[in-house]
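Here is what each chain is made of, one letter per residue.
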Amino acid sequence: MEMSCFNVTPPPNPLRNGGGRGRCEELSRLVGGRAWRNEPLANRTTFGVGGPADCLLEVETEAELCSVMAHVHETSVPWCVLGDGSNVLASDKGIRGVVICLKGSFLKVEVDGQVMTAGSAVRVSQAADIAANHSLSGLEGVGTVPGTIGGAIVMNAGTHRGYIGEVVREVRVLTEAGLPLTVSRDECGFSYRSSRFQTDRSFIVSSCVFDLVPGNGEQIRAHLLEVRTHRAHSQPRGASAGCFFKNPEGGSAGKLIEASGGKGLRVGGAMVSDIHANFIVNTGDATASEIRELAETVRELVRTRQGVELEYEVRLVGEW
Ligand code: EPU
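Everything quoted here is computed from the prediction, not taken from an experiment.

**Looking at the packing of aromatic side chains**
Any two aromatic rings considered together are summarised by their centre-to-centre distance and by the angle between their planes.
Item 1. Scanning all chains against the criterion turns up six aromatic pairs.
Item 2. With a centroid separation of 6.4 Å and 55° between ring planes, the pair formed by Phe 197 and Phe 203 is classed as tilted. As far as burial versus exposure is concerned, Phe 197 and Phe 203 are alike and both buried.
Item 3. Arranged with centres 5.8 Å apart and planes meeting at 75°, the rings of Phe 245 and Tyr 312 form a pair that is edge-to-face. Of the two residues, Phe 245 sits in the loop between α5 (217-234) and α6 (253-259) while Tyr 312 sits in the loop between α7 (288-306) and β18 (315-317), which places them 67 residues apart along the sequence.
Item 4. Judged by relative accessible area, Phe 245 falls into the buried class, the value being 2%.
Item 5. Here the aromatic residues Phe 47, Phe 244, Phe 245 and Tyr 312 are joined through ring pairs into a cluster of three or more.
Item 6. For the cation-ring pair, Arg 44 lies above Trp 36, with the distance from its terminal atom to the ring centre recorded as 5.5 Å.

Written as structure tokens, this is what we have:
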């Protein structure tokens, strides 16, 4: 789920319009050489689609992130952060500017009593397993969805059993200018599949502090296993970005799509899963445009047959 990533409409882009190679090389120096020009996003998204990022950086420390942010801020290069790439549809044309992938120290988890601090790049499922091993409850609701802590915070990810925002004490961010800041839960603006970090594009989530509750470790692990097993049966395994649409209030997008006859619909290599209708699956050779066209066909179908307007949960990123 990745991913405080933003839709970048191409403004004049210093990485493309002259001096681009040099600019990526400058950024590369700031991150110890872990930079790639024209890196295909298909390799970094669970849909397995997406054209090239102009410049993709792997950032391992807060100090590196500060200098990268200061640099992009000064040079007005568009930027975004990509987590696991599990909740995004990256365009076939790719992403202009700099794509930041957090690694290294952003993968750290600390547990102190009932308080867990997890880096932005930690997988939510790993954080939930670590909490369970410390007999701490609170992350079971979200601990079975794909994606990283950073992406889960941006999306307020969760299931019917609970959302990540419910157990957040505070979120540590870096501002666009490279300054560290702490945002309390009340300031995060969490609501269903939403947070302030979706619209306030001046922050990068670097870690999150959770207030958990002591519980029975064995029961928590059993609960996680039960939900994971249920998911394995009720959701498709193919390349997808999880549920494509948000559930409308009081309803289920999957149910509505199935009732509208959407299961099995195809556009090119993209198909509406016949296991769970809210999943669009890349059957092998789909393009991002085919996936988007299929999503629009599904939306139109549900609008006409059920009178319900579905909203994307998956986030479109890049140049469309
Ligand atoms: N249903 C159908 N047809 C379908 C799919 C579902 O009739 O094709 C029915 C089910 O039988 C059930 C109801 O719809 O009665 C709800 O289905 P499900 O339990 O699968 O839950 P969901 O609302 O479709 C949500 C999350 C999932 C999460 C599951 C399990 C959203 C948009 N989706 O799905 O999250 O895994 O609950 O807790 O909130 C994701 O975010 O990517 C995601 C997969």
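Now that the structure has been shown, we can carry on.
**Some points on the site of the ligand**
Item 1. Near the ligand lie 19 residues; those nearest to it are Arg 231, Cys 243, Asn 247, Glu 258 and Ala 277.
Item 2. Ser 252 is positioned such that a nitrogen or oxygen atom in its side chain is 3.0 Å from an oxygen atom of the ligand.
Item 3. Applying the majority rule of atoms within 2 Å of the grid points places the ligand in the largest pocket.
Item 4. Among the elements that make up the shell around the ligand, the one with the highest residue count is α6 (three residues).
Item 5. For the shell around the ligand, the class distribution of residues is five nonpolar, eight polar and six charged.
Item 6. Counting only domains with at least three residues in the shell around the ligand, you end up with domain 2 (108-220) and domain 3 (237-307).

**Things to note about the side chain of Ser 206**
Item 1. Assignment of secondary structure puts Ser 206 in strand β13 (residues 203-211).
Item 2. Under the relative-accessibility criterion, Ser 206 is labelled buried at 3%.
Item 3. A polar contact of 3.2 Å, which involves the side chain of Ser 206, links it to the side chain of Glu 62.
Item 4. If we ignore the near neighbours within four places in the chain, the residues touching Ser 206 are Glu 62, Phe 106, Gly 119, Ser 120, Arg 172 and Val 173.

Here is what the cut-offs are and how they apply
Residues numbered from 1 in each chain as written. Predicted model: local features only at pLDDT ≥ 70, side-chain atom pairs only at ≥ 80, totals over all residues. Heavy atoms only, no water. Phe/Tyr/Trp six-rings, centres within 6.5 Å; stacked < 30°, edge-to-face > 60°. Buried < 20%, exposed > 50% of the residue type's maximum accessible area, 1.4 Å probe, protein only. Helix = DSSP H or I, 4+ residues; strand = E, 2+ residues; numbered from the N terminus. Lys NZ or Arg CZ within 6 Å of the ring centre and 35° of its normal. Near = heavy atom within 4 Å. Polar contact = N/O pair within 3.5 Å; in protein donor to acceptor, adjacent residues only side chain to side chain. 1 Å grid on protein atoms, 1.4 Å probe; cavity = no way out; pocket = protein on both sides within 12 Å on 5 of 7 lines; lining within 4 Å. Sits in = over half its atoms within 2 Å of the grid points. Nonpolar A, V, L, I, M, F, W, Y, C, P; charged D, E, K, R; others polar. Domains from an automatic or database assignment. Contact = heavy atoms within 4.5 Å.

Distances and angles like these do not, on their own, reveal function.
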